[in-house]
Amino acid sequence: MIDPQLPQSQPQTSYLTPSTAAITQGWQAHLNLSFYPRGNKTILLHKKQQGPLAVQRPFYPEGNICHAYVLHPPGGVVGGDSLTITARVAPCAHSLLTTPGATKFYRSSEGKIAHQSQTLVVEENSYLEWLPQENIFFTDAKVHLITRIELATTARFMGWELHCFGRPALNEGLGCGTVTGKTEIWIANKRILTERVAMDGQDKRFLINGLQDFSLTASFFYYQ
């Protein structure tokens, strides 16, 4: 429910304290954002955050569209870390989400897996632009990625996912690392797309046959 007394420039914020178990496993970070229309523009009405995930104060370079940067202050993700991002765009709202830099997944130790989960909900007559910078998977990183995009029939969505396996400028590949996961798009509670990723750095065939010796893959999604 929208609080009519809430100042337009100040979202309601909730904070959760990570448990001792979460700290020993790695960073368990959560960020939950809700965007609503207010007057002639969209505002970030509510945010809840735990661990090292945050959002920069929104700004409006395009007038009424709410631009927000998702921030991960540590600058990198390691095995045992878990990042969970949920963004909801209410009816008749329009927001753009991005990141200030690439998300870096570093070498995993002791076989631990780094997890990143993203859920984007775009309601009736609303519009979300999801334009984060690339994911960079360092040598021997072990990562599991899940993205779920839920769209109403009259929603609009534009977004991409960019994955770089290794650091080609340093002649580094994925090594013994693995990257697994999937992206799903649902429209009116019906799944219309599942795009899976299953990369094993020790299997050179995916570079030769799948990526034609390129180390970057990108997917662009648009619905109107």
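Residues numbered from 1 in each chain as written. Predicted model: local features only at pLDDT ≥ 70, side-chain atom pairs only at ≥ 80, totals over all residues. Heavy atoms only, no water.

Draft legend 1. Fine view of the pairing of strand β2 (residues 28-38). Most of β2 sits inside the fold, with eight of its 11 residues counted as buried. Here β2 runs beside strand β6 (residues 82-89); their pairing, made up of eight bridges, is parallel. Note that in β6 the partner of Gln28 across the bridge is Ser82. Relative to strand β3 (residues 41-50), β2 runs antiparallel, the two being bridged by nine bridges. Considered in β3, the bridge of Arg38 is made with Lys41. Between the antiparallel neighbours β2 and β3 lie two residues, among them Gly39 with a positive phi of about 65 degrees. (Buried < 20%, exposed > 50% of the residue type's maximum accessible area, 1.4 Å probe, protein only. Helix = DSSP H or I, 4+ residues; strand = E, 2+ residues; numbered from the N terminus. Pairing = 2+ DSSP bridges.)

Draft legend 2. Just the pattern of salt bridges, in detail. Inspection of the entire model under this criterion finds seven salt bridges. Note that Glu150 and Arg148 form a salt bridge whose closest N and O atoms lie 2.6 Å from each other. Note on Glu150: relative accessible area 25%, which makes it partly exposed. Taking the relative accessible area as the measure of exposure, Arg148 reaches 28% and is therefore partly exposed. One salt-bridge network, held together by shared partners, links Arg148, Glu150, Lys182, Glu184 and Arg191. (Salt bridge = Lys/Arg side-chain N within 4 Å of Asp/Glu carboxyl O.)

Draft legend 3. Spatial organisation of unusual backbone geometry. Although it is not a glycine, Glu110 adopts a positive phi angle of roughly 60 degrees. Locating Glu110 in the fold gives a position in the loop between β8 (103-105) and β9 (114-122). Since its relative accessible area comes to 72%, Glu110 is described here as exposed.

Draft legend 4. Spotlight on the layout of surface pockets. In this structure, the largest pocket spans a volume of roughly 570 Å³. In terms of lining residues, the largest pocket is bounded by 39 residues, among which Gln116, Gln118, Gln133, Asn135 and His163 are the most central. (1 Å grid on protein atoms, 1.4 Å probe; cavity = no way out; pocket = protein on both sides within 12 Å on 5 of 7 lines; lining within 4 Å. Points joined across faces, edges and corners; volume = space filled by probe spheres on them.)

Draft legend 5. Inspection of a nonpolar patch on the surface at higher detail. Side chains of Trp160, Phe220 and Tyr222 sit close together on the surface and give an oily, nonpolar patch of about 330 Å² of accessible area. Position of Phe220 relative to the elements: it lies in strand β16 (residues 216-223). The class for Phe220 is exposed, based on a relative accessible area of 51%. (Patch = residues over 30% accessible without salt bridge, like charges linked within 9 Å, V, L, I, M, F, W, Y side chains within 5 Å. Areas by Shrake-Rupley, 256 points an atom, 1.4 Å probe, with all protein chains shown as cover.)

Draft legend 6. Looking closely at the confidence of the model for the protein chain. Confidence in the prediction for the protein chain averages 87 pLDDT; 86% of positions are at 70 or higher. Predicted confidence is poor over residues 1-10, with pLDDT under 50, and the contacts of this stretch with residues over four places away or in other chains come to 13 contacts. Every residue in residues 15-24 scores below 50 in pLDDT, and together they form nine contacts with partners more than four places removed in sequence or on other chains. (pLDDT = per-residue confidence, 0-100. Contact = heavy atoms within 4.5 Å.)

Draft legend 7. Geometry of the environment of Leu45. Topologically, Leu45 is positioned in strand β3. Between the C-alpha atom of Leu45 and that of Ser34, which follows or precedes it by 11 residues, the distance is 5.9 Å.

Draft legend 8. Region of the structure containing the nonpolar core. Of all hydrophobic cores here, the largest spans 41 residues; its most connected members are Phe35, Leu97, Phe105, Phe137, Leu151, Phe157 and Val179. Setting aside its immediate chain neighbours within four residues, Phe35 contacts Thr42, Ile43, Leu44, Cys66, Ala68, Arg88, Val89, Ala90, Ala93, Ser95 and Leu97. (Core = buried A, V, L, I, M, F, W, Y, C linked by side-chain atoms within 4.5 Å.)

Draft legend 9. Summary view of the side chain of Thr42. Tracing the chain through its elements places Thr42 in strand β3. Within the local environment of Thr42, its side chain forms a polar contact with the backbone nitrogen of His94, the two atoms lying 2.8 Å apart. Leave out the neighbours within four places in its chain, and Thr42 touches Phe35, Tyr36, Pro37, Tyr60, Asn64, Cys66, Ala93 and His94. (Polar contact = N/O pair within 3.5 Å; in protein donor to acceptor, adjacent residues only side chain to side chain.)

Draft legend 10. Main features of the packing of aromatic side chains. Scanning the model with the defined rule gives four aromatic pairs in all. Measuring from centroid to centroid gives 4.8 Å for Tyr106 and Phe138, while their planes differ by 75 degrees, and the two rings are edge-to-face. Of this pair, Tyr106 sits in the loop between β8 and β9 while Phe138 sits in the loop between β11 (135-137) and β12 (142-151), and the two are 32 residues apart along the sequence. What makes Phe138 buried here is its relative accessible area of 13%. A centroid spacing of 5.5 Å and a plane angle of 20 degrees characterise the contact between Phe137 and Phe165, whose relative ring orientation is stacked. Of this pair, Phe137 sits in strand β11 while Phe165 sits in strand β13 (residues 156-165); the two residues are 28 residues apart in sequence, bridging distant segments of the chain. Overall, Phe137 belongs to the buried group, its relative accessible area being 0%. (Phe/Tyr/Trp six-rings, centres within 6.5 Å; stacked < 30°, edge-to-face > 60°.)

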